[in-house]
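Single-letter residue listing:
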Amino acid sequence: MYRKDYLEREFEKLGLILAYILNLKKENKPFSEIELAAKTGLKDLFDDDFELETVEHDTDVNKLTPQKQQALADILFELGITAHQQHKPDAAVKFLQQYLHMLELVEKNTTTFSFQNIANKGIAQKLLLEL
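Residues numbered from 1 in each chain as written. Predicted model: local features only at pLDDT ≥ 70, side-chain atom pairs only at ≥ 80, totals over all residues. Heavy atoms only, no water.

A.B. asks: What is the right way to read the overall build of the chain from this model?
C.D. replies: A count of helices and strands for the chain gives 5 helices and 0 strands. Overall, the chain shows an N-to-C arrangement of helices and strands of α-α-α-α-α. Within the chain, the proportion of its 131 residues that are buried is 38%. In the structure as shown, the chain presents an accessible area of about 7,900 Å², 54% of it carried by carbon and sulfur atoms. (Helix = DSSP H or I, 4+ residues; strand = E, 2+ residues; numbered from the N terminus. Buried < 20%, exposed > 50% of the residue type's maximum accessible area, 1.4 Å probe, protein only. Areas by Shrake-Rupley, 256 points an atom, 1.4 Å probe, with all protein chains shown as cover.)

A.B. asks: I tried to follow the side chain of Asn120 on my own but got confused; where do I start?
C.D. replies: Within the element layout of this structure, Asn120 appears in helix H5 (residues 115-130). Here Asn120 is in contact with Phe77 and Tyr99, once residues within four sequence places are set aside. (Contact = heavy atoms within 4.5 Å.)

A.B. asks: I'm lost on the layout of surface pockets in this one. Help?
C.D. replies: Once rolled over the atoms, a probe with the size of a water molecule shows which space is left empty. One number sums up the size of the largest pocket: a volume of about 190 Å³. Taken together, Phe11, Pro66, Gln67, Gln70, Val106, Glu107, Thr110, Thr112, Phe113, Ser114, Asn117 and Ile118 make up the lining of the largest pocket. When contributions to the lining of the largest pocket are tallied by element, the ones reaching two or more residues are helix H3 (66-85), helix H4 (89-109) and H5. (1 Å grid on protein atoms, 1.4 Å probe; cavity = no way out; pocket = protein on both sides within 12 Å on 5 of 7 lines; lining within 4 Å. Points joined across faces, edges and corners; volume = space filled by probe spheres on them.)

A.B. asks: Hey, could you run me through the nonpolar core in this one?
C.D. replies: Generally speaking, nonpolar side chains in soluble globular proteins are found buried as a group. Counting 35 residues, the largest nonpolar core has Leu42, Val61, Leu72, Ile75, Leu79, Tyr99 and Met102 as the members making the most contacts within it. Every element with two or more residues in this core is listed here: helix H1 (2-26), helix H2 (31-45), H3, H4 and H5. (Core = buried A, V, L, I, M, F, W, Y, C linked by side-chain atoms within 4.5 Å.)

A.B. asks: Looking at this structure, I do not really get the side chain of Gln69. What am I missing?
C.D. replies: Tracing the backbone through its elements, the reader meets Gln69 in helix H3. Beyond its immediate chain neighbours, meaning those up to four positions away, Gln69 contacts Val61, Asn62, Leu64, Met102, Leu105, Val106 and Asn109.

A.B. asks: Got a minute to help me understand the pattern of salt bridges in this structure?
C.D. replies: When charged atoms on two side chains of opposite charge get close, those side chains can pair. A full pass over the atoms with the stated rule returns 4 salt bridges. Close ionic contact of Glu78 with Lys25 constitutes a salt bridge, the shortest N to O distance being 2.9 Å. In this pair, Glu78 is assigned in helix H3 and Lys25 in helix H1, connecting sequence segments 53 residues apart. Since its relative accessible area comes to 15%, Glu78 is described here as buried. (Salt bridge = Lys/Arg side-chain N within 4 Å of Asp/Glu carboxyl O.)

A.B. asks: Help me understand H5, please; the structure alone is not making it clear to me.
C.D. replies: Each α-helix turn comprises 3.6 residues. Residues three or four places apart therefore point the same way. When the terminal C-alpha atoms of H5 are compared, their 23 Å separation across 16 residues agrees well with the 22 Å that a helix rising 1.5 Å per residue should span. Buried residues of H5: Asn117, Asn120, Ala124, Leu127 and Leu128, and no others. In an axial view of H5, the angular spread of the buried residues amounts to 100°, which keeps them on one side of the axis. Facing away from the buried side of H5 by over 90 degrees, the exposed positions are Phe115, Lys126, Leu129 and Glu130. For H5, the secondary structure elements touched by its buried residues are H3 and H4. Sitting at the amino-terminal end of H5 is Ser114, which places a side-chain oxygen 3.3 Å from the backbone nitrogen of Gln116. (Expected span 1.5 Å × (residues − 1). Arc of directions from axis to C-beta. Polar contact = N/O pair within 3.5 Å; in protein donor to acceptor, adjacent residues only side chain to side chain.)

Given below as structure tokens:
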């Protein structure tokens, strides 16, 4: 029971980070502020060594549960979309590529089918072709 409670709390924390990012986005905050909020929240959750910029090279993400991988992928997607909307093409490319990498892990590690993942994957791929 302890492990399940711990995992649920960790998953809830990822959800709170995503909600905070979406709220900042809704308030039209600059991308730098949104990115800093994501980095700070993820470092608090994972550890101070966690680097958002190199998540696709981080072997620890392979050890995350599929639910945590999905939540991290959702955060990366929102960062990529926000960067694109705020005309930050380098950041958009970086985060959307990381999103696609995380999505590959999610698809490999879960048996759950997600229409949202398919739609977001198409959006990310289209934007990457444009950038």
